[in-house]
Amino acid sequence: MKKFLKKYIDPMVPLWAIPPLVICFIVNCAIYWLTMLLCGDLYHYDLTLDIDRRVPLVTEWVFVYLGYCYVFWFFSYCYVAKVHRKRPIQLFRFVIADVMSRLICMIFFIFLPTTNVRPEIVGTDISDKLTRFLYTIDQPTNLFPSIHCLVSWLCFIGIRRAKNVPLWFKFFSAISAVVIMISTQFLKQHYIADVISGVALAELCYWISGHMWLPVRIRKIYENFIIKHFHVKKLE
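Residues numbered from 1 in each chain as written. Predicted model: local features only at pLDDT ≥ 70, side-chain atom pairs only at ≥ 80, totals over all residues. Heavy atoms only, no water.

(A) Quick look at the overall build of the chain. Of regular secondary structure, the chain possesses ten helices and two strands. Ordered by position from the N terminus, the helices and strands of the chain form the series α-α-β-α-α-α-β-α-α-α-α-α. Its C-alpha radius of gyration of 19 Å places the chain within 12% of the 18 Å reference for a compact globule of 236 residues. For the C-alpha atoms alone, the extent of the chain along its principal axes is close to 55 × 35 × 35 Å. With 236 residues in all, the chain has 48% of them scored as buried. Taking the intrachain contacts of the chain between residues at least 6 apart in sequence as the baseline, contacts between residues at least 24 apart amount to 84%. Surface accessibility of the chain: about 13,400 Å² in total, with carbon and sulfur atoms responsible for 71%. Averaged over its 26 positive side-chain charges, the chain has a centre that lies 19 Å from the centre of its 15 negative ones. (Helix = DSSP H or I, 4+ residues; strand = E, 2+ residues; numbered from the N terminus. Rg over C-alpha atoms; globule rule 2.2 N^0.38 Å. Buried < 20%, exposed > 50% of the residue type's maximum accessible area, 1.4 Å probe, protein only. Contact = heavy atoms within 4.5 Å. Areas by Shrake-Rupley, 256 points an atom, 1.4 Å probe, with all protein chains shown as cover. Lys, Arg positive; Asp, Glu negative; His and termini not counted. Charge placed at Lys NZ, Arg CZ, Asp CG, Glu CD.)

(B) Representation of the packing of helix α4 (residues 62-83) against helix α6 (residues 126-137) in the model. Remark: α4 packs on α6, axes separated minimally by 9 Å, with the N-to-C direction vectors making an angle of 65°. As judged from the angle between their axes, α4 and α6 are roughly perpendicular. The handedness of the crossing between α4 and α6 comes out as left-handed. Counted together, Val-62, Phe-63, Tyr-65 and Leu-66 of α4 and Ile-126, Ser-127, Leu-130, Thr-131 and Leu-134 of α6 form the full contact between these two elements. Of the residues that constitute the contact of α4 with α6, the class distribution is seven nonpolar, two polar and no charged. (Axes fitted to C-alpha atoms, helices over the stretch in contact; angles between N-to-C directions. Parallel < 35°, antiparallel > 145°, perpendicular 65-115°, else oblique. Left-handed = near helix turned anticlockwise from the far one by under 90°. Nonpolar A, V, L, I, M, F, W, Y, C, P; charged D, E, K, R; others polar.)

(C) Here's a closer look at the pattern of salt bridges. The final tally for this structure, using the stated rule, is four salt bridges. Its salt-bridge partner being Arg-85, residue Asp-10 comes within 3.2 Å of it at the nearest N-O pair. Taken together, the residues Asp-10 in the loop between α1 (2-9) and α2 (18-38) and Arg-85 in the loop between α4 and α5 (88-111) connect sequence positions 75 residues apart. Judged on exposure class, the residue Asp-10 and its partner Arg-85 are both buried. For Asp-50, the salt bridge goes to Arg-54, with nearest N and O atoms at 2.9 Å. Of this pair, Asp-50 and Arg-54 both sit in helix α3 (residues 50-54), four residues apart, which is roughly one turn of that helix. (Salt bridge = Lys/Arg side-chain N within 4 Å of Asp/Glu carboxyl O.)

(D) Molecular detail of the packing of aromatic side chains. Scanning all chains against the criterion turns up 15 aromatic pairs. For the ring pair Tyr-79 and Phe-169, a centre distance of 4.6 Å and an interplane angle of 55° mean the geometry is tilted. With Tyr-79 in helix α4 and Phe-169 in helix α8 (residues 167-186), this residue pair connects regions lying 90 residues apart in the sequence. On the accessibility criterion, Phe-169 (19% relative accessible area) is buried. (Phe/Tyr/Trp six-rings, centres within 6.5 Å; stacked < 30°, edge-to-face > 60°.)

(E) Representation of a nonpolar patch on the surface in the model. Taken together, the side chains of Met-1, Phe-4, Leu-5 and Tyr-8 present a nonpolar region at the surface, about 450 Å² in accessible area. As for its position among the elements, Tyr-8 is in helix α1. (Patch = residues over 30% accessible without salt bridge, like charges linked within 9 Å, V, L, I, M, F, W, Y side chains within 5 Å.)

(F) Structural context of helix α7 (residues 147-160). Across its 14 residues, α7 extends 19 Å between first and last C-alpha, which sits within 8% of the 20 Å expected from 1.5 Å per residue. Judged by how many residues are buried, α7 sits mostly within the fold: 13 of 14 residues are covered. Sitting at the head of α7, Ser-146 places a side-chain oxygen 3.4 Å from the backbone nitrogen of His-148. (Expected span 1.5 Å × (residues − 1). Polar contact = N/O pair within 3.5 Å; in protein donor to acceptor, adjacent residues only side chain to side chain.)

(G) Structural view of the environment of Lys-170. Within the secondary structure, Lys-170 is located in helix α8. Residues Lys-170 and Gly-158 lie twelve residues apart in sequence; the distance between their C-alpha atoms is 9.8 Å. Excluding residues within four positions of it along the chain, Lys-170 makes contact with Phe-156, Ile-159, Arg-160, Arg-161, Ala-162 and Val-165. Here Ala-162 takes part through its backbone oxygen, which lies 3.0 Å from a polar atom of the side chain of Lys-170.

(H) Geometry of unusual backbone geometry. In the segment running from Phe-144 into Pro-145, the intervening peptide bond is cis, with an omega of 0°. As for its position among the elements, Pro-145 is in the loop between α6 and α7. Look at Asn-142: it is not a glycine, yet its phi comes out positive at around 55°. Note that Asn-142 resides in the loop between α6 and α7.

Listed below in structure tokens is the structure:
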């Protein structure tokens, strides 16, 4: 198993980076679902603006919202780790920004719970059916800030200034993030305030994580107590 991981997994994502990335996933799920359960009976505010009402429902965007975005997130987080293989401090900066952003989202979800009014879908196309399914499994809560937009923009931020990433891929990452944001609008899953706040929060948390001692400290703790314990070589 060790040889398999080293040969096939490590080239795609450093093995030492997997636990921090898993932590990001766990924190995201815990905060999203727990706050939804805790705040279900609270009054929810509707931040809909006139510009939001002018945007039509286009159910074809469900393929981006339910499909492409999750593939993009998974490979982007792995790619951020791969890109920063020789600069692990940058990955820890990314991870801290990610976790910090979710903690701030939790505060908003609890003290400013939001909702919106979704349109009725009467079509019978596959996109219409998938959108109805989406509305069934994803309640209109925890909207502000938009985690969809936040995560997508973080994927771009994580590689934005990396010198070993081709310019075309940075462009692709930025466009993908914008496309996902657009899908939240045409599906009426989020409104413009959710998008703006999600992007702003991603930028703010990444900036803060780059101006604090925590990434360095966490890397040292991780290196000394976990990597050393499992007899893994020191981070590059």
